[in-house]
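Breakdown of the fold
In case you want the letters, here they are:
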Amino acid sequence: MVEIVPSILSADFARLAEEIAAVERGGATILHLDVMDGHFVPNMTIGPPVVESIRKCTRAHLDCHLMIEQPERYVKNFVSAGANSVSVQYEACRHLDGTLEMIKEAGAMAGVVLNPATPVAVLEDVLGVADYVLLMSVNPGWGGQKLIPYVLDKVRKLERMRREKKLAFPIEIDGGVHPENLAEVVRAGCDWIVTGSAIFHSKSAEATTREMREIAAQATAIQC
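Read on for a plain summary of the structure. (Residues numbered from 1 in each chain as written. Predicted model: local features only at pLDDT ≥ 70, side-chain atom pairs only at ≥ 80, totals over all residues. Heavy atoms only, no water.)

1. Brief notes about the layout of surface pockets
By volume, the largest pocket is sized at about 300 Å³. As for the largest pocket, its lining consists of 24 residues, and the residues nearest its centre are Gly143, Gly144, Asp174, Gly175 and Gly176. Among the elements of the structure, β2 (30-36), β8 (192-195) and α7 (197-200) are those that each provide at least two residues to the lining of the largest pocket. For the lining of the largest pocket, a count of residues per class yields 10 nonpolar, 12 polar and 2 charged. (1 Å grid on protein atoms, 1.4 Å probe; cavity = no way out; pocket = protein on both sides within 12 Å on 5 of 7 lines; lining within 4 Å. Points joined across faces, edges and corners; volume = space filled by probe spheres on them. Helix = DSSP H or I, 4+ residues; strand = E, 2+ residues; numbered from the N terminus. Nonpolar A, V, L, I, M, F, W, Y, C, P; charged D, E, K, R; others polar.)

2. Observations concerning the sheet that holds strand β7 (residues 171-174)
Spatially, the 8 strands line up as an open sheet ordered β1-β8-β7-β6-β5-β4-β3-β2, and their pairing is parallel. The open sheet has two free edges, formed respectively by β1 (3-6) and β2, since each of these has just one partner strand. Sheet twist, expressed as the average angle between the axes of neighbouring strands with direction ignored, equals 25 degrees. Relative to strand β4 (residues 85-89), strand β3 (residues 61-67) is paired through 4 bridges, and the arrangement is parallel. Paired with Asp63 across the two strands is Ser85, which belongs to β4. Packing against the sheet, helix α4 (residues 96-106) makes contact with β4 and β5 (109-114), and its axis sits at approximately 145 degrees to β5. (Pairing = 2+ DSSP bridges. Axes fitted to C-alpha atoms, helices over the stretch in contact; angles between N-to-C directions. Contact = heavy atoms within 4.5 Å.)

3. A short note on unusual backbone geometry
One non-glycine residue, Gln70, lies in positive phi territory at about 50 degrees. As for its position among the elements, Gln70 is in the loop between β3 and α3 (75-81). For Lys166, which is not a glycine, the phi torsion comes out positive at approximately 55 degrees. Note that Lys166 resides in the loop between α5 (151-164) and β7.

4. So, the pairing of β2
In terms of burial, β2 is largely enclosed, as 7 of its 7 residues are buried. Taking every second residue as pointing to the same face, both faces of β2 are buried, with Ile30, His32, Asp34 and Met36 on one and Leu31, Leu33 and Val35 on the other. Of the strand pairs in this sheet, β2 and β3 are connected by 7 bridges, and their pairing is parallel. If you follow Leu33 over to β3, its bridge partner there is Cys64. Traced from β2 through helix α2 (residues 48-57) to β3, the parallel crossover comes out right-handed. (Buried < 20%, exposed > 50% of the residue type's maximum accessible area, 1.4 Å probe, protein only. Right-handed = clockwise from strand over helix to strand, strands pointing away.)

5. As for the packing of aromatic side chains
Under the definition given, this model contains 1 aromatic pair. Relative to Trp192, the ring of Tyr132 lies with its centre 5.1 Å away and its plane at 40 degrees, an arrangement referred to as tilted. Residue Tyr132 is located in strand β6 (residues 132-136), and its partner Trp192 is located in strand β8; the two are separated by 60 residues in the primary sequence. Under the relative-accessibility criterion, Tyr132 is labelled buried at 0%. Assessed through its relative accessible area of 9%, Trp192 is described here as buried. Against the face of Phe169 rests Arg162, its NZ or CZ located 5.8 Å from the ring centre. (Phe/Tyr/Trp six-rings, centres within 6.5 Å; stacked < 30°, edge-to-face > 60°. Lys NZ or Arg CZ within 6 Å of the ring centre and 35° of its normal.)

Written out as structure tokens, the structure reads:
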């Protein structure tokens, strides 16, 4: 089943509990939390205390994407704060295998993230370790960017690798996904669709979440 995963980066933080409740009413069961340190990417966002606060107001799966340097120093903190899954950037990990195992040992799903220009071939030997893979379809750091078209070719390559290796990890995508291009993204092979501005900057986060879930379901049916 394809999941629409609202990214709180685009939400109104003064009304965050309300914003989360709205997308949950729309059917969202996973929330995406972007963690940025101002070093790996030119922006700063949230840390474990915010994750802990969000955990108190929702039962949704919390998917933390660490866009930070030396993520191995902090993964346990985010799991302790309530993250159900933690993904780390391939480009930031010196010992990716060890970091993924560290996340699992802490009790969360372990994901690996690739920036747009990083080829999926670098994951050849670690796909059996990762619980999921996130492909960035924009250069990370800011919301509201346009999807980079060639990333969908990367999705298709990764989906082929998944089938060839007889694996079942979810393929996640993040950046520039909106109702108009959602069907194409689903048909490329994505399972978790992260979207922020399209939902939280719309007239109704609840209605847009529901609409995108319906589009994804239709695209999946056609794909099958």
